[in-house]
Amino acid sequence: MRLFFALWPDTQTQHAWHDGLAPYLAPLGGRRMPSANLHLTLAFLGDVRGDRMSELLRLGDDLATDALSLRFDHLEYWKKPGLVCLRTADTPPPLARLAGQLGTGLDMAGFAVERRQFKPHVTLARDVPVGMASLPVWPVVEWQVPAVALVRSRLAAGGSEYAVLHEWRLG
Ligand code: 3AM
């Protein structure tokens, strides 16, 4: 199964982002992500054998669970993947620590994780033909992160479907 670790919003927050940011996205075209899919990926694992689940759960149990709040202040268009995402102004130290701890843990356990620089983002739309360099969001979106989640991704006809398999509460 295809798995990833993510910061996972509660349903109300997903709806607030989806509806609140609609006016910014409407003129750009592309394919809006449904509200239930909105999340911030920490580490994408790809296909994982079912018998390795317990290792991932143990790894999650060892993560720091300090309170984490994020401040998203702009949208970015990433030309190559053709996506528009919600971005934080910077990577706050507790988020860098969490992503680093997760990356190291996965590495040590022998999971193949990406070496690309971690750029915290929430994907809002895909297949966006033409975008913009950066678009400020006002008022800024403040988020008290409720949980880290281990999520399963399934490719369906209408796009990816996500199911949260386990959550670790923060704060
Ligand atoms: O947070 P977003 O939506 O940008 O793009 C996929 C999505 O990220 C990403 O993992 C998240 C859940 O599917 N993803 C999918 N395949 C990937 C890959 N091969 C990938 N990230 C890195 N490498």
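Refer to the preceding data block for the structure.
For clarity, every value in this text was computed on a predicted model and none was experimentally measured. (Residues numbered from 1 in each chain as written. Predicted model: local features only at pLDDT ≥ 70, side-chain atom pairs only at ≥ 80, totals over all residues. Heavy atoms only, no water.)

## Some remarks on the sheet that holds strand 7 (residues 134-144)
Item 1. The strand order 2-6-5-4-7 describes an open sheet built from five strands, whose pairing is antiparallel. Each having just a single partner strand, strand 2 (31-32) and strand 7 make up the two edges of the open sheet.
Item 2. Taken together, the two bridges between strand 2 and strand 6 (residues 121-126) define a ladder with antiparallel strand orientation. When the bridges of strand 6 are listed, arginine 32 appears paired with alanine 125. (Pairing = 2+ DSSP bridges. Helix = DSSP H or I, 4+ residues; strand = E, 2+ residues; numbered from the N terminus.)

## Looking at helix 4 (residues 93-108)
Item 1. Its 16 residues give helix 4 an end-to-end C-alpha distance of 22 Å, which sits within 8% of 22 Å, the value for a rise of 1.5 Å per residue.
Item 2. Inspection of helix 4 places Leu95, Leu98, Ala99, Leu102, Gly105 and Leu106 among the buried residues, and these make up the whole buried set. End-on, the buried residues of helix 4 take up no more than an arc of 130 degrees, which puts them together on one face. Opposite the buried face of helix 4, by more than 90 degrees, sit the exposed residues Pro93, Arg97 and Met108.
Item 3. On its buried face, helix 4 is in contact with strand 1 (2-7), strand 3 (40-47), helix 3 (53-61), strand 4 (69-78) and strand 8 (147-156).
Item 4. Of the residues trailing helix 4, glycine 110 is marked for its positive phi of about 85 degrees. (Expected span 1.5 Å × (residues − 1). Buried < 20%, exposed > 50% of the residue type's maximum accessible area, 1.4 Å probe, protein only. Arc of directions from axis to C-beta. Contact = heavy atoms within 4.5 Å.)

## Structural notes on the site of the ligand
Item 1. Lining the immediate environment of the ligand, one finds Arg2, Phe4, His39, Thr41, Phe44, Glu114, His121, Thr123, Arg126 and Tyr162.
Item 2. Between histidine 121 and the ligand, the recorded distance is 2.7 Å, taken from a side-chain N or O atom to an oxygen atom.
Item 3. Measuring from an oxygen atom of the ligand, one finds a side-chain N or O atom of arginine 126 at 2.8 Å.
Item 4. Relative to its unbound accessible area of 480 Å², the ligand is 72% covered by the protein chains.
Item 5. Under a 2 Å grid-point criterion requiring more than half of the atoms, the pocket assigned to the ligand is the largest pocket.
Item 6. Element by element, the count of residues in the shell around the ligand is highest for strand 6, at three residues.
Item 7. Residue classes in the shell around the ligand are distributed as three nonpolar, four polar and three charged. (Near = heavy atom within 4 Å. Polar contact = N/O pair within 3.5 Å; in protein donor to acceptor, adjacent residues only side chain to side chain. Areas by Shrake-Rupley, 256 points an atom, 1.4 Å probe, with all protein chains shown as cover. 1 Å grid on protein atoms, 1.4 Å probe; cavity = no way out; pocket = protein on both sides within 12 Å on 5 of 7 lines; lining within 4 Å. Sits in = over half its atoms within 2 Å of the grid points. Nonpolar A, V, L, I, M, F, W, Y, C, P; charged D, E, K, R; others polar.)

## Let's talk about the layout of surface pockets
Item 1. The volume enclosed by the largest pocket comes to roughly 1300 Å³.
Item 2. Taken together, 39 residues form the lining of the largest pocket, with Thr41, Phe44, Glu114, Arg116 and His121 sitting closest to its centre.
Item 3. Among the elements of the structure, strand 1, strand 2, strand 3, helix 4, strand 6, strand 8 and strand 9 (159-169) are those that each provide at least two residues to the lining of the largest pocket.
Item 4. Looking at side-chain class alone, the lining of the largest pocket contains 16 nonpolar, 14 polar and nine charged residues. (Points joined across faces, edges and corners; volume = space filled by probe spheres on them.)

## Brief notes about the pairing of strand 8
Item 1. Pairing between strand 1 and strand 8: six bridges, direction antiparallel. Paired with leucine 3 across the bridge in strand 8 is arginine 152.
Item 2. Sheet topology places strand 8 next to strand 9; 10 bridges connect them, and they run antiparallel. Across the sheet, residue alanine 156 finds its bridge partner in strand 9, namely glycine 159.
Item 3. Here strand 8 folds back onto strand 9, and the loop between the two strands holds two residues.

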